[in-house]
Amino acid sequence: MPLKRILLSVPLCVSMWAQAPAADPAQKVVATVAGKDITVADVQLMLSKFNAQDVQTFQQNPQMVLSQYFLFLHMAEEADKAKLLEKSPYKEQYEAVRLRLLRDARVNEENNAYSVPPQAIEAYYKEHSSQYEQAKIKVIYIAYSGQAAPAGGDPAALQQAAQQALAAAHAKHTESEARELANDIVKQLRAGADFSKLVDRYSEDPASKAAGGDFGVVKTVSEYPADFKSAVFALKPGEISDPIRQPTAFYIVRLEEKSTQPLTEVSGPIVQTLRNEHMNQWMKDLNASYQAVIKDSDYFKSVGTPPSPLLVAPPK
């Protein structure tokens, strides 16, 4: 074949390959079970039915999970072919499962389909505005040797407890010494001493001390101890608290400002609360409608008890 003809044929070949349909990645065979090819699509379908724990197990041991899953499918198919669900006791068991599933589906549908009206969200927000208070505060932290207890289970609370435990381990004061010092600092502040200067002189919390005593914002839903939050929200702007005792330190708090969280920040929890209220009322109404009225109490006394054996006359 002349060289020119070969070169002319190359673009045609490239064009033909470009137009050929690409192989479907989902049909790639990635395993076999009992002689059957298992494709990417089969695995994806299987994983779509799994919860997070099942997926994790699959990632750790795909061979075991694939084996068990397709064995499960095989046995189910065999039972279906044999019409086992039409035989006792399987049909009664299946009916019980079906009824429970339908009941749960109805409850879930009621919950998921319920749309909380915007006006209901706004009304709840106004009525419960005290739940969404927040306070910006400054603190002076006087540590003493003690044992820190986490104020919550979240990472921030655990980290704070660890920092407090470290501070307590290196505390300069006993509890009584820290209390006496904290009371003296409160007297100085209420007499007009500069808060920032006393923070710099006395506070033993590195983070807030570096920020001039700024502790950030405390919310009513924050995972601080209840007595700490109560003391904070009892203050008026500019007021100094009495020393607030905590497991490893005394806090002296100055309230900078108090406000209410904007609706945009709390609308999610409000919606969930209103959904829960709706579901509770819905279930309460249903239960009230289906309260059984006993008409013959004597009948129910013997229900479920085995019948007495028949008296047979002795042979003559």
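The structure this text deals with has already been given above.
This report concerns the structure included in the present document. The structure displayed is predicted, hence computed values, not measured ones.

Cut-off values and rules
Counting starts from 1 at the beginning of each chain's written sequence and moves along it residue by residue. Predicted model: local features are reported for residues with pLDDT of at least 70 only, side-chain atom pairs are reported and counted for 80 or more only, and whole-chain, interface and lining totals are derived from all residues. The basis for every side-chain value is the complete set of heavy atoms in the structure, and neither hydrogens nor water enter the calculation. Two strands form a pair only when DSSP identifies at least two bridges running between them. A run of H or I in DSSP becomes a helix once it reaches four residues, and a run of E becomes a strand once it reaches two; helices and strands are each numbered from the N terminus. For helices, the fitted axis covers only the stretch in contact; all axes are lines through C-alpha atoms, and the angles between them, taken along N-to-C directions, range from 0 to 180 degrees. Whether two residues are in contact is decided by their heavy atoms: any pair within 4.5 Å suffices. A pairing counts as a salt bridge when a side-chain nitrogen of Lys or Arg comes within 4 Å of a carboxyl oxygen of Asp or Glu. For classification, angles of less than 35 degrees are called roughly parallel, those exceeding 145 degrees roughly antiparallel, those between 65 and 115 degrees roughly perpendicular, and all remaining angles oblique. When residues are sorted by character, Ala, Val, Leu, Ile, Met, Phe, Trp, Tyr, Cys and Pro go into the nonpolar class, Asp, Glu, Lys and Arg into the charged class, and all the rest, Gly among them, into the polar class. Any pair of Phe, Tyr and Trp rings, taking the six-membered ring for Trp, is counted once the centres come within 6.5 Å. Such a pair is stacked with planes under 30 degrees apart, edge-to-face with planes over 60 apart, and tilted for the rest. When a residue's accessible area, from a 1.4 Å probe over protein chains only, is under 20% of the maximum for its type it is buried; when over 50% it is exposed; and in between it is partly exposed.

Details of the sheet that holds strand β5 (residues 244-246)
Strand order across the open sheet formed by four strands is β4-β3-β6-β5, with antiparallel pairing between neighbours. The outermost strands of the open sheet, each flanked by one partner alone, are β4 (214-219) and β5. Strand-to-strand twist across the sheet, computed as the mean angle between neighbouring axes with direction ignored, equals 40 degrees. When strand β3 (residues 133-143) meets β4, the two strands line up antiparallel, connected through five bridges. Residue Gln-134 lies in a different strand from β4, and its bridge partner there is Lys-219. Seen against the sheet, helix α8 (residues 175-190) touches β3, β5 and β6 (249-260) and runs at an angle of roughly 40 degrees to β6.

Quick look at the pattern of salt bridges
Throughout the structure, instances matching the rule amount to 11 salt bridges. Where Asp-242 meets Arg-190, a salt bridge forms, and the shortest distance between an N and an O atom there is 3.0 Å. Taken together, the positions of Asp-242 in the loop between α11 (226-233) and β5 and Arg-190 in helix α8 put the pair 52 residues apart, joining distant regions of the chain. Because the salt bridges share partners, they merge into one network encompassing Glu-175, Arg-179 and Arg-245.

So, the packing of helix α6 (residues 118-127) against helix α12 (residues 263-289)
The N-to-C vectors of α6 and α12 enclose an angle of 105 degrees; their axes lie 9 Å apart at closest approach. Between α6 and α12, the crossing angle belongs to the class labelled roughly perpendicular. From α6, Ala-120, Ile-121, Glu-122, Tyr-124 and Tyr-125 reach across to α12, where they touch Leu-263, Val-266, Ser-267, Ile-270, Val-271, Thr-273, Leu-274 and Glu-277. By residue class, the composition of the contact of α6 with α12 is nine nonpolar, two polar and two charged.

Quick look at the packing of aromatic side chains
Across all of its chains, the model carries 11 aromatic pairs by this definition. When the ring of Phe-50 is compared with that of Tyr-69, the centres are 6.0 Å apart and the planes differ by 80 degrees; the resulting orientation is edge-to-face. Here the residue Phe-50 occupies a position in the loop between α2 (40-48) and α3 (52-60), and Tyr-69 occupies one in helix α4 (residues 62-81), the gap between them amounting to 19 residues. As far as the burial class goes, Phe-50 and Tyr-69 line up, both buried. Residues Phe-228 and Tyr-251 carry aromatic rings whose centres are separated by 5.2 Å and whose planes lie at 70 degrees to one another, so their mutual orientation is edge-to-face. Placement of the pair is Phe-228 in helix α11 and Tyr-251 in strand β6, with a sequence separation of 23 residues. Put simply, the rings of Tyr-141, Phe-215, Tyr-224, Phe-228 and Tyr-251 pair up and form one aromatic cluster.

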